[in-house]
Amino acid sequence: MIKKLIFAMSFFMVLAVSGQKKNDKDAVTDIAEKLRLAMISGDKSSLESLILPELTYGHSGGHIDDSAEFVDKLSSKKSVFETIDITNQNINIVGNTAIVRHHFYAKTNDLGKGPSDVTLDILLVWTKVKNDWKLLARQAVKSEKKK
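- Labelled according to an unreviewed UniProt entry, the chain appears under the name DUF4440 domain-containing protein, originating from Chryseobacterium glaciei.

Below, the structure written as structure tokens:
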């Protein structure tokens, strides 16, 4: 009887842990989509709600934005994403950290530069703060055009 009880408790603990990981992956998928939409809209409050003040945002050209510069460029329309398509997204949860990699294809129309296409591979690092996921870091690298 004791063995059956221990087995049952172990089984439910495994289910609870795997269920939490799935819920976290779903939450990170949702928050990554909110970031995509906020980057297109340039809505300042939406952008600020998704990031930590310590954000480091690395561009493929080598420039690194802090949180204020990241928000300012998008909300002031210095940097404009007309579309953003994300493919091949992979999410790995490690404790309270989510590592997200995806392919990023966008049509841009930055102030003073005009229309352009951008093809990148992205690494996002999200951290769980209380029950919310917040973006802590992003790094982009140039990639071949693929969709």
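**Examining the pattern of salt bridges**
Here is step 1 of the chain: One pass over the structure, following the stated rule, counts six salt bridges.
Here is step 2 of the chain: For Glu33, the salt bridge is made with Arg36, and the minimal N-O distance between the two is 2.8 Å. A residue pair is termed a helical-turn pair when its members lie 3 or 4 positions apart in one helix, as Glu33 and Arg36 do in helix α1 (residues 2-41) at three residues.
Here is step 3 of the chain: Its relative accessible area of 18% is what places Arg36 among the buried residues.
Here is step 4 of the chain: Among the salt bridges present, the one from Glu69 reaches Lys73, with a minimum N-O distance of 3.6 Å. Remark: Lys73 and Glu69 occur in helix α3 (residues 67-75); sequence separation between them is four residues, near one turn of the helix.
Here is step 5 of the chain: Among the residues examined, Glu69 registers a relative accessible area of 28% and is labelled partly exposed.
Here is step 6 of the chain: Three or more residues are tied together by salt bridges with common partners; here these are Asp65, Glu69 and Lys73.

**A few points about the pairing of strand β3 (residues 81-94)**
Here is step 1 of the chain: As paired strands, β3 and strand β4 (residues 97-110) are joined by 11 bridges and run antiparallel to one another. From the neighbouring strand, Asn92 faces β4, where its bridge partner is Ile99.
Here is step 2 of the chain: A loop of two residues connects β3 with β4, the two strands running antiparallel in sequence, and Gly95 in this loop sits at a positive phi of about 60°.

**Quick notes on the sheet that holds strand β1 (residues 51-58)**
Here is step 1 of the chain: Spatial strand order, β2-β1-β6-β5-β4-β3: six strands in an open sheet with mixed pairing. Looking at which strands have only one partner, the edges of the open sheet turn out to be β2 (64-66) and β3. Adjacent strand axes in the sheet meet at a mean angle of 20°, parallel and antiparallel pairs treated alike.
Here is step 2 of the chain: Sheet analysis places strand β5 (residues 114-129) next to strand β6 (residues 132-142), joined by 10 bridges and oriented antiparallel. Along β6, the bridge assignment pairs Ile122 with Ala140.
Here is step 3 of the chain: Along the sheet, α3 contacts β1, β2 and β3; its crossing angle with β2, the most-contacted strand, is approximately 95°.

**Looking at the side chain of Asp110**
Here is step 1 of the chain: Considering the arrangement of structural elements, one finds Asp110 in strand β4.
Here is step 2 of the chain: Within the buried core, Asp110 has no salt-bridge partner, and the shortest N-O distance to an opposite charge, that of Lys113, equals 4.4 Å.
Here is step 3 of the chain: Looking at Asp110, its side chain comes within polar contact range of the main-chain nitrogen of Val80, at 2.9 Å.
Here is step 4 of the chain: For Asp110, the contacting residues outside a window of four places in its chain are Lys78, Ser79 and Val80.

**Description of the environment of His59**
Here is step 1 of the chain: Its location among the elements puts His59 in the loop between β1 and β2.
Here is step 2 of the chain: If we ignore the near neighbours within four places in the chain, the residues touching His59 are Asp65, Lys73, Arg138, Gln139 and Ala140.
Here is step 3 of the chain: Within polar-contact distance, the side chain of His59 engages the side chain of Asp65 at 2.8 Å.

**Description of the environment of Tyr57**
Here is step 1 of the chain: On the secondary structure map, Tyr57 appears in strand β1.
Here is step 2 of the chain: Residues in contact with Tyr57, not counting those within four places in the same chain, are Met39, His63, Ile64, Asp65, Phe70 and Arg138.
Here is step 3 of the chain: A polar contact is formed between the side chain of Tyr57 and the side chain of Arg138, at a distance of 3.2 Å.

Rules of the game
- Residues numbered from 1 in each chain as written.
- Predicted model: local features only at pLDDT ≥ 70, side-chain atom pairs only at ≥ 80, totals over all residues.
- Heavy atoms only, no water.
- Salt bridge = Lys/Arg side-chain N within 4 Å of Asp/Glu carboxyl O.
- Helix = DSSP H or I, 4+ residues; strand = E, 2+ residues; numbered from the N terminus.
- Buried < 20%, exposed > 50% of the residue type's maximum accessible area, 1.4 Å probe, protein only.
- Pairing = 2+ DSSP bridges.
- Axes fitted to C-alpha atoms, helices over the stretch in contact; angles between N-to-C directions.
- Contact = heavy atoms within 4.5 Å.
- Lys, Arg positive; Asp, Glu negative; His and termini not counted.
- Polar contact = N/O pair within 3.5 Å; in protein donor to acceptor, adjacent residues only side chain to side chain.

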